[in-house]
Structure formats: structure tokens, C-alpha cells
Number of protein chains: 2
Amino acid sequence: MTTNATALLPYEAEDRLEDEIRSSLKDRELEIYQMMSWQLGHSDDRGAASMGPLERRLHGSLLLAVAQSLHGDYCIGLKYAISVELMYNFALIHADVQDGNTERMGRASVWWKWGPSQAINTGDGMHALARLSLFQLCDEGEPLERVSKALEIVDDAVLRRCEGEYLDVAFQERTSVSVADYLDMVSKRVGSLYGASAELASILDDDFGVERRTALRHFGESVGIVRQLVADYRAIFGGDDRDPVVQGRIISKKKNLPIAYLFDTVEDPSILRRAGEMYMQRVIDPSRIAELTSLAADAGGREFTLEQIRSHLDNAEDALSQAGIEEDVRSKLMVLAKDIGDVDSADSLSD
Amino acid sequence: MTTNATALLPYEAEDRLEDEIRSSLKDRELEIYQMMSWQLGHSDDRGAASMGPLERRLHGSLLLAVAQSLHGDYCIGLKYAISVELMYNFALIHADVQDGNTERMGRASVWWKWGPSQAINTGDGMHALARLSLFQLCDEGEPLERVSKALEIVDDAVLRRCEGEYLDVAFQERTSVSVADYLDMVSKRVGSLYGASAELASILDDDFGVERRTALRHFGESVGIVRQLVADYRAIFGGDDRDPVVQGRIISKKKNLPIAYLFDTVEDPSILRRAGEMYMQRVIDPSRIAELTSLAADAGGREFTLEQIRSHLDNAEDALSQAGIEEDVRSKLMVLAKDIGDVDSADSLSD
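Scoring rules and cut-offs
Residues numbered from 1 in each chain as written. Chains lettered and ligands numbered in written order. Predicted model: local features only at pLDDT ≥ 70, side-chain atom pairs only at ≥ 80, totals over all residues. Helix = DSSP H or I, 4+ residues; strand = E, 2+ residues; numbered from the N terminus. Rg over C-alpha atoms; globule rule 2.2 N^0.38 Å. Buried ≥ 20, exposed ≤ 12 C-beta atoms within 10 Å, placed from the backbone. Contact = placed C-beta atoms within 7 Å. Axes fitted to C-alpha atoms, helices over the stretch in contact; angles between N-to-C directions. Parallel < 35°, antiparallel > 145°, perpendicular 65-115°, else oblique. Nonpolar A, V, L, I, M, F, W, Y, C, P; charged D, E, K, R; others polar. Least-squares fit on C-alpha atoms with pLDDT ≥ 70 in both. Left-handed = near helix turned anticlockwise from the far one by under 90°. pLDDT = per-residue confidence, 0-100.

1. A short note on the overall build of chain A
Then step 1. A tally of regular secondary structure across chain A gives 15 helices and 2 strands.
Then step 2. The C-alpha atoms of chain A give 20 Å as radius of gyration, which agrees with the globular expectation for 351 residues (20 Å, within 12%).
Then step 3. For chain A, the C-alpha atoms occupy an extent of roughly 65 × 50 × 35 Å along the three principal directions.
Then step 4. In chain A, buried positions account for 50% of the 351 residues.
Then step 5. Considering only contacts within chain A whose residues lie at least 6 apart along the sequence, 72% involve residues at least 24 apart.

Shown next as C-alpha cells:
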């Protein structure tokens, strides 16, 4: 987290969350748990404790920050934050198999190291473990109603995420995808788990009504959408030094907002033909990505994407108002939202 | 179910279960649900309702039969039976990707038809849906404590199943595996979900104590182990007309009981060398499977496997006694156990 975000959460929150995530695998000996631990960055490839490069725990941080905002105590959200992080990492393990990503955080991805078969198992196991970590809360005195509500929120989010993943893959086969369909997919694929993270923080207070809870879920969803759209912006307009995962997505014809906008709005048949031709190939020719980005820029994709990012940031802020969050806390949560969305990395948004 | 098993369950139980499974996907439009529906045998490859070949709903039937035995009414178990069947089918979808099975019930497997990426999604989605189908029970008046206990039982079973799948794949890389390690793997990989199925039937009565509940889980686990050992017996000693999945398991060096027994007990170095040589290759040479089965037979693997099957059938029956099931019901449940285990198909056990 940046210094700005720590205005909301004390510095040690991050470490405490990491400790909790690590302890969720404690006393589990079988090698399948070593693969999980490798994924989480907590061990080397032989299972020995060792701190690897860590993913930022953005879902967990969002949950803790909302818990702090609503209840003045982020700690009551720690155990719930474990489960969203385990869920997210289950999804990453499977996504790496699906997309053929050989690296994750600068190390071999689970499937690349142990094979696709074991990576599918490891993801499935982490999926089950994420929920079992919630059941344990009952033993620690959390009321069953709350734990059960949490499980339902997480399961709903995972199902929506699967729907989104399905669409993301299905869109690869289509030449063009409308902006509306694309945004619906992003909301499901990325927004779902951020939405669940924010919503989970709200159930820690039994008196928090369902409308305010829904508003908080929308806040989280918008944050997730912003994060994806910023990534889309950088993938297309951020220059040529893309990381391999981002480059791989473009080449494999995964869609993004500027390209959806291009096909949705351009009427000039010669431009549509040039772009369409590229998406009719089995993969996008890497040497033609520069041409694609310039077609997208000419179509106004840069401005449109920035506009959409701003608009989803506004949605996030409106949702916080609807959730009854007061202005000073709201502005702190929006700092965190922009941090999660990596908004500063998209030029002309950093003002 | 055979005629014998229907002595415990009325004939229409099977159809009612099938209807319930089908209705769990009702009103879900996205194509990801069509893939689930294809897997379940309820639609053609374009999502149109059409009855394909159906897997036998062995987990669901076990649950219903135990429910009938304990409570005199199988119907109260129907909604719980959906979730074990969805869980089982989630596991099948992923297992087909992992093992490269191109067929399932005489039709293309999900990954073969829609690609591994979508098959992983479909399995993940079905995993989430299996639990959401349990949450819905709260809306229908089931007490939260019971539903929540059911979720925990299912999640525990899925995690154990993943541990078992991990071991099954890890054993491929080893030349030999001990009988004890092999049986532990089978108990996790196959026993877990049958154990959960029987256990779930017991929580429908709040007064059913934890010891009797555990005994019922052991009953289910033993039934699952019997089923796998009968499959092992037939794979090695059942002649050469193996189905492609079974043949594929042997070739890919997945272990089975007769082979574990061979390496565990034979001391003659020349025999161990001949068998070891085959398991040191990347895959087992199909033309040498006959040689392998004759080595296993000479080592006494046939008698040992039959003995183990009988012994796990005894375990199943003992567990039913410990669960306090009276003799006449017990013998009916054992008829079902043998039916699920496909015991009649292993010669010299059909007496």
C-alpha cells in the first residue's frame, strides 16, 4: 500500500494480514500445500519457509480498509480477508493454466513448475480451503449467521467470476465485442471478487442494512473495473514494454476496452477491414500490435478509455455515498480505490 | 440402480433426483451453464434440452438410501443429493482435463468439446454452484445450522479429494508405491465424496450423535474404496477389452492395488527388475500390459485384491453396526453398497 492508503490503515495491517494468510496453511504437510505456499510466495519450491515476491493483497486490503472505515477496527476483518485472498489465488492458479502464463511474480507459475494437472488440483484445493478458513471462524466465536452470509457472498462472487472467465475466453473467438458486453464481462471477471471484499466488511455489523451493503458491493465492483480498464489503457497505449502476461493477452485475442470501442464506433470500412483482418487470424501478429494501437488511438479509444475510468471512479464514489460513508472517510477510501486501480500509472489521470 | 437396491428406495427416487439435478441449472442462460448441462447429460451441445447418456448418480443414491434408512423418507435428502452430484461432476470435468480423457459416457468430454480453458471454468463454476444449491435450502426453511454443517462436510470432502488427486498424480512419477500409501490415496480420492454422501444423510436428524455420524462417513468411504478396488481388479485381471479411460490410467502409470502389491511383496530381483523397467519408461508400453498383469497374478495380486475388497465390504458393514443401523436395513444397505462397488463384476466375488 502507498503512504496515502496507510492514512486509513495502520502500517502493520499489511504484515498482520500476511501472517494470517501464512498461518492458514500451517500444519498441513502434504506437498499440495507446498504448491499453495509457493503460489502465495511463502516458501521455496521444496516447501521450506522463505519469503518470495508477494502479490499485493489488494482484495484483503480493500476489505480491511472498509472494515476500518465502518467499524473503526480493521482487525475484525482479518479472518475474512484470508478467504478472499485464498479465493483470488485459487483463481490465479487456474488462470495461469488457462492462459499458459509461465511466470507469476517473477517466479515459475504453479503449472509451469508442477504441471497443469497438479495446478488444477492445487487451485481446487485452495478453493475448498478458502471456505474452510471461514468455517473456522465459528470455532472462534463468530456467529454462524455471519459466517454463513460470508460464505454465500464469496460463493456468489466465485460463480460470477467463472461466468466472466467464460466470457473472456469466448470473446477470443469473436472478431468484435461491444463495449457494453466487454464491460459486463469485466464486472463479472474482475469486479466480482472486489465487490465481495467490500461487501464482506459490511456484514461485520449486523445492523448494516441490505441497501447499504449492496452499495458497498457496487463500490468494490467499480474499483475492480477501474483496475482492469487502467490495465487495458496501459496495454494498448502504454508503449511497447508490456509484461509477458499483458502481451500474451493481446496476442491471444483477449479483448480490451480500446479495441471494443474501435469496433463499436468506427464506420470507415477500410479501417474496420484492417483491424478485423488481424482478429481473424489464429493469433495477433506481434509485429502488428503497434498498428492496432494506432488504429485504436485514431478512433478516440484513448480518450474514451480515460473517460470510462473516470466514470467508474465516480460510480465508486457515488456508491460510497449511498452506503452512507461520510465525506472524510469517503475521500480516504477513494485514495485507496485509486491506488488499487493503479490510476496514477495512466497518464492524464494523475492530476 | 438394480432391482435389489430399489428394495430400499422406491423406483421413482432416481427420476426425482434427476429432475432436481436438472432444475438446479434452470434459468441460467449463459453458455457456461450449457457446458454444465452437457456434462450432466441434460442437453445437446447447443444447450437444447435432450437426454444424453447419464452417469449413474451413485453419490446421490447413496445419500438417499441412507436418508430412507434413517428417517424413513428419502425425499428429505433430495436437495442435499444435488450438491454431492454437482461436486462429483465438477471433479469429473477437471479430472478429464487432467487425464486427457476425450470421452465421457460415450460423448465428447467438456474439455475435448470446448477446450481445457473453458473446462476449467466450467468445473470451477459447478463447484461454486454445488454450494449455492445448499444455501438455497435456507430459503426453503432448512435450519441454518444444518445447511452450514452440510457445507462444511462437503468442503472437507472436496479438500480431501484434492489431496487424493494430488497423490494419484504424484504416484505416477514413482516406480513403486506401497499398499498402505495406495489405499490412503484411494480413501482420499474416491472415499471422500462417498463418505460425505452418507454423512450428509445423517445430519438431517439433529439428534443423531457425532459418533454415529462418523461411523456413517466411514461406511461411505469404505463403499468408495470397494468401488475403486473392483475397478483396479477389472483393469488388471478383467481381460483386454478395457475402456479407454482405464487403459489410459495404466499406460500413464497411475497406480492400482495389484501393482502396488507386486512391488510391496515380491522379493525376486529378476521379477522386480522386469516390472520396474516398465514403470521407468515415460509411459507403459501397451503391448506389455499383458506381461504386467501376469506378473501381478503370479505375485498373488488377484487373491490379495479380492481379499481387500472383501475386507472393505466388512468395514462398511461394521460401520453400519456402529452407526446403530438395524440388521434388516443394514443388509439392504449392503446390497446397495455392493451395487455401487460393482462387486458382481469381479469374478469369485459374485457368490
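2. A few points about the packing of helix 6 (residues 116-139) of chain A against helix 7 (residues 144-172) of chain A
Residue and element names in this part refer to chain A.
Then step 1. Their axes nearest at 9 Å, the elements helix 6 and helix 7 cross at an angle of 170°. Compared by their axis directions, helix 6 and helix 7 come out roughly antiparallel. Note on element contacts: helix 7 touches helix 6 through Leu144, Val147, Ala150, Leu151 and Val154, opposite Arg131, Leu134, Phe135, Leu137 and Cys138.
Then step 2. Looking at the contact of helix 6 with helix 7 residue by residue, the classes come out as 9 nonpolar, no polar and 1 charged.

3. Section: the relation of the copies chain A and chain B
Then step 1. Turning chain A through 180° and shifting it by 0.0 Å along the axis lays it on chain B, with an RMSD of 0.0 Å. Expressed as an axis order, the relation between the two copies is that of a two-fold axis. In terms of proximity to the rotation axis, the leading residue of chain A is serine 148 of chain A, whose C-alpha is 3.4 Å off the axis.

4. Considerations on the interface of chain A and chain B
Then step 1. Listed by partner, the interface residues are 33 residues for chain A and 33 residues for chain B.
Then step 2. For the side of chain A that touches chain B, the secondary-structure elements that each account for two or more residues are helix 2 (31-40), helix 4 (78-99), helix 6 and helix 7 of chain A.
Then step 3. Sorting elements by how many residues they give to the side of chain A that touches chain B places helix 7 of chain A first, with 15 residues.
Then step 4. For the side of chain A that touches chain B, the class distribution of residues is 16 nonpolar, 8 polar and 9 charged.

5. Section: helix 2 (residues 31-40) of chain B
Then step 1. Among the 10 residues that make up helix 2 of chain B, 9 are buried, leaving the element largely enclosed by the rest of the structure.
Then step 2. Considered for burial, the residues of helix 2 of chain B that qualify are Ile32, Tyr33, Gln34, Met35, Met36, Ser37, Trp38, Gln39 and Leu40 of chain B.
Then step 3. Contact partners of the buried residues in helix 2 of chain B: helix 7 of chain A together with helix 1 (12-23), helix 4 (78-99), helix 5 (110-114) and helix 6 (116-139) of chain B.
Then step 4. Count one or two residues on from helix 2 of chain B and you reach glycine 41 of chain B, which has phi positive near 80°.

6. Details of the packing of helix 3 (residues 58-71) of chain B against helix 4 of chain B
All names here are of chain B.
Then step 1. Running from N to C, helix 3 and helix 4 point in directions that differ by 155°, and their axes come no closer than 8 Å. The orientation of helix 3 relative to helix 4 falls into the category roughly antiparallel. Of the two elements, helix 3 crosses helix 4, and the hand of that crossing is right-handed. On the side of helix 3, the interface is formed by His59, Gly60, Leu63 and Leu64, while helix 4 contributes Tyr80, Ala81, Val84, Glu85 and Tyr88.

7. Here's the deal with unusual backbone geometry
Then step 1. The phi dihedral of aspartate 342 of chain A is positive, around 60°, even though this residue is not glycine.
Then step 2. In this structure, aspartate 342 of chain A sits in the segment after helix 15 (327-341).

8. A closer look at the environment of glycine 301 of chain A
Residue and element names in this part refer to chain A.
Then step 1. Looking at the secondary structure, you find glycine 301 in helix 14 (residues 301-322).
Then step 2. Of the residues examined, glycine 301 has 26 C-beta atoms within 10 Å and is grouped as buried.
Then step 3. In the structure, glycine 301 is positioned 78 residues away from valine 223 in sequence and 21 Å away in space, judged by C-alpha atoms.
Then step 4. Ignoring anything within four residues of it in the chain, the contact list for glycine 301 reads Ile236, Pro258, Tyr261, Leu262 and Ala296.

9. Some remarks on the confidence of the model for chain A
Then step 1. For chain A, the mean per-residue pLDDT works out to 92, and 97% of the residues sit at or above 70.
Then step 2. This complex was scored by the predictor with a pTM of 0.92 and an ipTM of 0.90.

10. Notes on the environment of leucine 132 of chain A
Then step 1. Tracing the chain through its elements places leucine 132 of chain A in helix 6.
Then step 2. On the neighbour-count criterion, leucine 132 of chain A (17 C-beta atoms within 10 Å) is partly exposed.
Then step 3. Taking the C-alpha atoms as reference points, leucine 132 of chain A and serine 83 of chain A, 49 residues apart in sequence, are found 8.6 Å from one another.
Then step 4. When residues no more than four places from it in sequence are discounted, the contact partners of leucine 132 of chain A are Asp155, Asp156 and Leu159 of chain B.

11. Examining the environment of arginine 160 of chain B
Then step 1. Mapped onto the secondary structure, arginine 160 of chain B falls in helix 7 (residues 144-172).
Then step 2. Each C-alpha atom, one on arginine 160 of chain B and one on aspartate 96 of chain B, is 19 Å from the other, the two residues being 64 residues apart in sequence.

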